[in-house]
Amino acid sequence: YLDTARLAGDVEEVVRELRSLTPKVDSLVKNDGTDVTLMVLDGTIPMFHNQKKYNCPVKFWMGLDYPASPPICYVSPTRDMGIKPR
């Protein structure tokens, strides 16, 4: 990472606000098939729909050029999650 102090400070701040996220180092497979080892915030974030709270499982990947580029965010559904047709 270009600015490890900035990365560490930003991760600490996010985890302090959203205790459901855990910082980890993991491997991300990119669209071209290569993999890269990155810092990731893994866990859930609260979201509200129809006045009900849901804990949405997410992963925020911090690219090697962070903070020049924003984190990559993926929703990581559990096995029992699904999308209802309308």
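Everything discussed here concerns the structure shown above.
Keep in mind the model is a prediction, meaning the values are calculated, not measured.

### Quick word on unusual backbone geometry
If a residue is not glycine, its phi is most likely negative; likewise, a peptide bond is most likely trans.
For step 1, the next point in the chain: Residue Pro-67 is reached from Tyr-66 by a cis peptide bond, and omega for that bond is 10°.
For step 2, the next point in the chain: Along the chain, Pro-67 falls in the loop between strand E3 (52-62) and strand E4 (72-75).
For step 3, the next point in the chain: Even without being a glycine, Asn-50 presents a positive backbone phi close to 50°.
For step 4, the next point in the chain: Locating Asn-50 in the fold gives a position in the loop between strand E2 (35-49) and E3.
For step 5, the next point in the chain: Phi angles above zero are rare outside glycine, and Gln-51 is one such case at about 65°.
For step 6, the next point in the chain: Examined against the element boundaries, Gln-51 turns out to sit in the loop between E2 and E3.

### Things to note about the sheet that holds E4
For step 1, the next point in the chain: Sheet architecture is open: four strands sit in the order E1-E2-E3-E4, paired in antiparallel fashion. Whereas interior strands pair on both sides, the edge strands pair on one side only; in this sheet they are strand E1 (21-29) and E4. Going across the sheet, the axis of each strand differs from the next one's by a mean of 35°, ignoring polarity.
For step 2, the next point in the chain: Packing against the sheet, helix H1 (residues 4-17) makes contact with E1, E2 and E3, and its axis sits at approximately 25° to E2.

Conventions we followed
- Residues numbered from 1 in each chain as written.
- Predicted model: local features only at pLDDT ≥ 70, side-chain atom pairs only at ≥ 80, totals over all residues.
- Heavy atoms only, no water.
- Helix = DSSP H or I, 4+ residues; strand = E, 2+ residues; numbered from the N terminus.
- Pairing = 2+ DSSP bridges.
- Axes fitted to C-alpha atoms, helices over the stretch in contact; angles between N-to-C directions.
- Contact = heavy atoms within 4.5 Å.

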